[in-house]
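Architecture and fold: a report
Residue-level listing of the chains:
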Amino acid sequence: MRRTMAKIFIFLIFIIVLDAFAPLPSASHHSAQFLLDRGDERKFEIAEDMFWKDGEPFRIIGGDLHYFRVHPEYWEDRLLRAKALGLNTIQTYVPWNLHEPRQGHLVFDGTADIISFLKLCKKLNLLVMLRAGPYICGEWDLGGFPAWLLAEEPPIRLRSSDPAFLDLVEKWWDILLPKVSPFLYSNGGPIIMVQVENEFGSYGDDKAYLHYLVKLARRRLGDDIILYTTDGGTRETLTKGTIPGDAVFSAVDFSTGEDPWPIFKLQKEFNAPGKSPPLFDVGNLLEFYTGWLTHWGEYIASTDATSTASYLEKILSKNGSAVLYMVHGGTNFGFYSGANTGSNESDYKPDLTSYDYDAPIRESGDVDNTKYKALRRVIAKYSTEPLPSAPSDNEKIAYGRIKLDRASFLFDMIGMKDLVDVVESENPISMEAIGQVHDRAQVFISCPEDSGKRPTYVDVITRWSNRPIDLPYLKCESKIKLFILVENMGRLNYGPYIFDRKGILSSVFLDAKPLYKWKVLSVSFQNVSDAKKINPVILNATTESHKGSTRKMLKDKMLNLEPASYAGNFNIEKVRDTYLSFRGWSKGIAFVNEVNVGRFWPSVGPQCNLYVPAPILWQGDNTLVILELESPNPDLIVSSVDHPDFTCSPRHSKLGKSRKHRVLTL
């Protein structure tokens, strides 16, 4: 039986801002300017339906390798592995949100040091196809757009000719394009082509927007560089997403297994005569998909190595060019993994931390696998030069069990009094509106007078199953407190619902009555390298480690499902790559030596282990801190192992029901 409201409630909402991680530190910094040797008559062009490099016909055999998904100290290692596969070209996106995470705050060092990446490509004699956005997709948070765009008022229309949006894009490209201009091929650099937008024909048909991007690119990059668009291989998508004439090369994408030649015939209609060389993005006319992405809760995606190699050979045997998407996937470190939807906005599908993609160069750089070898044999047949020797796999070490015997509860860490960052609002507000349900909300209640008791866990409300939940009857002497912890699991990166604000985006109802007067606290989880901001999880977990073990307390409170941080140390003599196994844990985020290595969710799977590259580690004591949002491993153990694991599968738990309850609806 439902009870009528007898007391005034105080409602608090704690929103975790799962901010994009600060760039990983690089081995060294570069100067602001870099002079390139121009050389004589350097020119890359399209003519007679072929690519021409310095007056000679040229076949692009390329692959996508994203600098922002690889630790900077491993850039050269991964590029050498791509070169040994037989590639002559690297394609990479440029994510706006990596380089301008907060409006006006520009980042071009560490993982965001695109200039050093371009220098390496030139050093290794690898050409570059630069996908400059401003939209990139790429299973990357918000398709590469910075989240602060969603806080603009009045709301701007992304990927459109909205003047407010174009003004912000122009400011961004006026920063980015002059930085990369010295690296254009005609200026002595490796960049042979620059992409404008990405698969716009699958989203809209705003030609004014596309023409404006071309105008901006030409103003900053000149008329010699080849600009290109990439769209699906149908008449509808090409009509919407291409720019007729010879100003922009129109490329197409399609799935591995499709017959490409009818699509190439269609493509020619959208390019000027002689300006339509067959280029496969293996996956696209610029992307040939070597694997596929995986969402949480799915089986790990994979493709057959023999059929993938066979399809590539069909392209190369007819003098086609191809770009492998991906040649090396890498890792979505921090909170940059994106999400997709199915038939509607509620059909939300967040991406894994791993972006292994079943690519020939695996997440850790391994090449001793069937797909790498099969593709290499095919490419060797059509390469004009002998391929370099394939490198051996980098060593991985299992450092063993890491005991996490210190902890702080999240509600204790953030404190409940004198919170200077609290925003008071009549109704719930979005994360972006406060500098920070979409996507997942954990609900707790407590009595203020029970200071010795933990908040009582009630249930979870998710974006994909937004249903009312029952609040148990709680007899309090004063006002009952309601806590809602909201998690951003990754903004949509593709499709019509890309304007993806996070938080509680509508009223909250208790017994069909709206709740008012909220207190909202944004808890920011960032790396200390980002303006030396203090991470509350790391700070409190390491502080508690000096106060003695909380293991007995944890066993007493284990079933309460209250978010908490856990910390432990592990000693290393020989520094190598490793993986952290989270089997037995539920859901959370992990920091190794204060670097955010990503989200874990083994209770849903399929990813069990997080990749930890060696440059994050050091000899001696290393620190692991995790924020567990639900229930921890009963033994409080995380294992360092020497291999990936994508075999975790869903498990379900049943919660007891109270006889007396009230209904909460978000």
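For the structure itself, consult the block above.
Residues numbered from 1 in each chain as written. Predicted model: local features only at pLDDT ≥ 70, side-chain atom pairs only at ≥ 80, totals over all residues. Heavy atoms only, no water.

It is worth spelling out the state of the cysteines at this point. Counting across every chain of the model gives two disulfides. The disulfide that involves cysteine 447 links it to cysteine 476, with 1.7 Å between the sulfurs. Because the sign of the S-S torsion sets the handedness, a value of about -75° for the bond joining cysteine 447 and cysteine 476 places this disulfide among the left-handed ones. Residue cysteine 447 is located in the loop between β19 (440-446) and β20 (456-462), and its partner cysteine 476 is located in the loop between β21 (469-472) and β22 (481-487); the two are separated by 29 residues in the primary sequence. For the pair cysteine 447 and cysteine 476, a shared accessibility class is recorded, and that class is buried. Paired through a disulfide, cysteine 608 and cysteine 648 show a sulfur-sulfur distance of 2.2 Å. Between cysteine 608 and cysteine 648, the S-S dihedral sits near 135°, and the bridge is therefore right-handed. Pair noted here: cysteine 608 is in the loop between β29 (595-600) and β30 (609-612) and cysteine 648 is in the loop between β32 (637-641) and β33 (661-665), with a separation of 40 residues, a long-range link. You can call cysteine 608 buried: its relative accessible area is 1%. (Disulfide = S-S within 2.5 Å. Helix = DSSP H or I, 4+ residues; strand = E, 2+ residues; numbered from the N terminus. Buried < 20%, exposed > 50% of the residue type's maximum accessible area, 1.4 Å probe, protein only.)

Right, let's get into the pairing of strand β13 (residues 321-328). Here β13 lies mainly inside the structure; eight of its eight residues are buried. Both strand β5 (residues 61-65) and β13 contribute to a ladder of four bridges, which runs parallel. For leucine 65, the partnering residue across the bridge sits in β13 and is histidine 328. Judged from the two bridges that link them, strand β12 (residues 288-289) and β13 form a sheet pairing that is parallel. Within β13, the position partnered with tyrosine 289 by the bridge is tyrosine 325. Considered for its hand, the β-α-β crossover made up of β12, helix α8 (residues 305-316) and β13 is right-handed. (Pairing = 2+ DSSP bridges. Right-handed = clockwise from strand over helix to strand, strands pointing away.)

This part covers empty space enclosed by the protein. Space inside the second largest cavity adds up to approximately 50 Å³. Considering the residues around the second largest cavity, the lining is formed by Arg69, Val70, His71, Tyr74, Arg78, His328, Gly330, Thr331, Phe333, Glu363, Tyr611 and Pro613. Looking at the lining of the second largest cavity residue by residue, the class counts come to five nonpolar, four polar and three charged. (1 Å grid on protein atoms, 1.4 Å probe; cavity = no way out; pocket = protein on both sides within 12 Å on 5 of 7 lines; lining within 4 Å. Points joined across faces, edges and corners; volume = space filled by probe spheres on them. Nonpolar A, V, L, I, M, F, W, Y, C, P; charged D, E, K, R; others polar.)

A separate point is the sheet that holds strand β27 (residues 578-581). Pairing is antiparallel across the open sheet formed by four strands, whose spatial order is β16-β32-β27-β30. Each edge of the sheet is formed by a strand with only one pairing partner; in this case those strands are β16 (400-403) and β30. On average, each strand axis in the sheet is inclined to that of its neighbour by 30°, with strand direction left out of account. Across three bridges, the pairing between β27 and β32 is antiparallel. (Axes fitted to C-alpha atoms, helices over the stretch in contact; angles between N-to-C directions.)

This part takes up α8. Taking 1.5 Å per residue, 12 residues should reach 16 Å; α8 reaches 17 Å between its end C-alpha atoms and fits that length. Buried within α8 are the following residues: Ala305, Thr308, Ala309, Tyr311, Leu312, Ile315 and Leu316. Buried residues of α8 fall within an arc of 160° about the axis and therefore sit on the same side. Of the residues in α8, the exposed ones pointing more than 90 degrees away from the buried face are Thr306 and Lys314. Its side-chain oxygen 3.2 Å from the backbone nitrogen of threonine 306, aspartate 304 forms the N-cap of α8. (Expected span 1.5 Å × (residues − 1). Arc of directions from axis to C-beta. Polar contact = N/O pair within 3.5 Å; in protein donor to acceptor, adjacent residues only side chain to side chain.)

One pass over the structure, following the stated rule, counts 32 aromatic pairs. Ring geometry for tyrosine 325 and tyrosine 357: centres 5.4 Å apart, planes at 80°, overall edge-to-face. With tyrosine 325 in strand β13 and tyrosine 357 in the loop between β15 (348-350) and α9 (370-382), the pair connects residues that are 32 residues apart, well separated along the chain. Judged by relative accessible area, which is 2%, tyrosine 325 ranks as buried. Classification of tyrosine 357 by relative accessible area gives buried; the value is 5%. (Phe/Tyr/Trp six-rings, centres within 6.5 Å; stacked < 30°, edge-to-face > 60°.)

What follows deals with the environment of leucine 293. Within the secondary structure, leucine 293 is located in the loop between β12 and α8. When residues no more than four places from it in sequence are discounted, the contact partners of leucine 293 are Glu139, Ala301, Asn340, Asp351 and Tyr357. (Contact = heavy atoms within 4.5 Å.)

Let us now look at the sheet that holds strand β4 (residues 56-58). Taken together, the three strands give an open sheet; going across it, the order is β2-β3-β4, and neighbouring strands pair in antiparallel fashion. Of all strands in the sheet, those bounded by a partner on one side alone are β2 (44-47) and β4. Direction aside, neighbouring strands of the sheet carry axes that sit 45° apart on average. Sheet topology places β2 next to strand β3 (residues 50-53); four bridges connect them, and they run antiparallel. Opposite isoleucine 46, over in β3, you have phenylalanine 51 as the bridge partner.

So yeah, pure geometry; function would need other evidence.
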